[in-house]
Amino acid sequence: MGFWKTWFSTPESVATTRTTPFEEHTAETVGNSSPSSVGEASQKETRIVFSTERDIDLYELEELCDAVGWSRRPLRKVKKAIEHSFLVASMWQVRGNQRRLIGFARATSDHAFNATIWDVVVHPDFQNQGLGKALMKYVLKKLRSEEISNVTLFADPHVVDFYRTMGFMADPEGIKGMFWYPH
């Protein structure tokens, strides 16, 4: 239980606000100058927010995946994967009335004990700022709120250290995963 205590026993630094249908969790506010009016404030303020809204523009998601060099996948399959996911989390840059998709992750689950996190992506312009960690923390918090106690993921070699710093480890019992692929 030590892993979960490190994530959820300290006071949350992320302010939470519920809106409909865009569930908004503000992670950080940047660019706060001293505007002279409220209208000016909304134009200059940039926020990073998280959402579990599933109605994501697939072309915008494809652009995000392109930005990090992922191989293109058929949009009909991406749509189906999102529809059948247990959790979909997105991260947005919000500036005034405009929002831009800058991060995404999803998880599948048996709805009781286990979940697997998939498709974690953060736009290169927003990497190395702690936002990938914030996105993962958001996903883990949502999974824990559903009483999911075993979370797995698959990581490319160049991001393994990122997940290790967050407490993920190779199977502590030494069980090797097995895969089946069609020939």
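Shown above is the structure to which this text applies.
These numbers were taken from a predicted model, which means no experiment stands behind them. Every residue gets a number counted from 1 within its own chain, in the order that chain's sequence is written. Restriction of local features to residues with pLDDT of at least 70 applies here, the model being predicted, together with a cutoff of 80 or more for giving and counting side-chain atom pairs; totals for whole chains, interfaces and linings are based on all residues. The basis for every side-chain value is the complete set of heavy atoms in the structure, and neither hydrogens nor water enter the calculation.

Draft legend 1. Quick look at the pattern of salt bridges. Put simply, a salt bridge is a Lys or Arg side-chain nitrogen that is within 4 Å of an Asp or Glu carboxyl oxygen. The full count for this structure, using the stated rule, is eight salt bridges. As a salt-bridge pair, Asp119 and Arg73 come within 3.1 Å of each other at their nearest N and O atoms. One end of the pair, Asp119, is in strand E6 (residues 114–122); the other, Arg73, is in the loop between helix H3 (58–67) and helix H4 (75–83), and 46 residues separate them in sequence. Note on Asp119: relative accessible area 16%, which makes it buried. Here Asp161 makes a salt bridge to Arg164, at a shortest N to O gap of 3.5 Å. Placement of both Asp161 and Arg164 in helix H6 (residues 160–165) is noted, with a separation of three residues, approximately one turn of the helix. Pair check on accessibility: Asp161 and Arg164 agree, each one exposed. Several salt bridges converge on common partners, so that one network encompasses Glu62, Asp66 and Arg72. Numbering of helices and strands runs from the N terminus, with a helix taken as a DSSP run of H or I at least four residues long and a strand as a DSSP run of E at least two residues long. Between buried and exposed lies partly exposed: a residue is buried under 20% and exposed over 50% of the maximum accessible area for its type, with that area taken using a 1.4 Å probe on protein chains only.

Draft legend 2. Examining H3 more closely. Within H3 the residues assigned to the buried category are Leu58, Leu61, Glu62, Leu64 and Cys65. Each buried residue of H3 lies within a common arc of 160° when the element is viewed along its axis, so the set occupies one face. Turned more than 90 degrees away from the buried face of H3 sit Tyr59 and Glu63, all of them exposed. On its buried face, H3 is in contact with H4, strand E5 (98–109) and E6. The N-terminus of H3 is capped by Asp57, whose side-chain oxygen sits 2.8 Å from the backbone nitrogen of Tyr59. Where H3 ends, the next residue or the one after it, Gly69, has phi of about 85°, a positive value. Our arc is simply the arc of the directions from the helix axis toward the C-beta atoms. Note on contacts: a residue pair qualifies if any of its non-hydrogen atoms lie within 4.5 Å across the two residues. Pairing of N or O atoms within 3.5 Å defines a polar contact, subject to two protein rules: one partner must be a possible hydrogen donor and the other a possible acceptor, and residues neighboring in sequence count only if both atoms are side-chain atoms.

Draft legend 3. Spatial organisation of the environment of Glu53. Here Glu53 is to be found in the loop between strand E3 (46–51) and H3. Each C-alpha atom of the pair Glu53 and Val88 lies 7.1 Å from the other, and the pair is 35 residues apart in sequence.

Draft legend 4. Structural detail: unusual backbone geometry. The phi dihedral of His111 is positive, around 70°, even though this residue is not glycine. Here His111 shows up in the loop between E5 and E6. On the basis of relative accessibility, which here comes to 58%, the residue His111 falls in the exposed class. The backbone of Asn128 sits at a positive phi, close to 60°, despite the residue not being glycine. Residue placement: Asn128 occurs in the loop between E6 and helix H5 (131–145).

Draft legend 5. Broad picture of H5. A helix is expected to reach a length of 1.5 Å times the quantity of its residues less one. Here H5 contains 15 residues, and its C-alpha end-to-end distance of 21 Å stays within 8% of the 21 Å for a straight helix at 1.5 Å per residue. Taken residue by residue, H5 has Leu131, Gly132, Leu135, Met136, Tyr138, Val139, Leu140, Lys142 and Leu143 as its buried positions.

Draft legend 6. A look at the nonpolar core. Counting 27 residues, the largest nonpolar core has Met91, Ile117, Leu135, Met136, Leu143 and Phe168 as its most contacted members. Broken down by secondary-structure element, the contributors of at least two residues to this core are E3, strand E4 (87–95), E5, E6, H5 and strand E7 (150–153). It is H5 that provides the largest number of residues to this core, a total of seven residues. Here the nonpolar core consists of buried residues drawn from Ala, Val, Leu, Ile, Met, Phe, Trp, Tyr and Cys, with membership extended through side-chain atoms lying within 4.5 Å. Of all hydrophobic cores here, the second largest spans 14 residues; its members include Leu58, Leu61, Trp92 and Val121.

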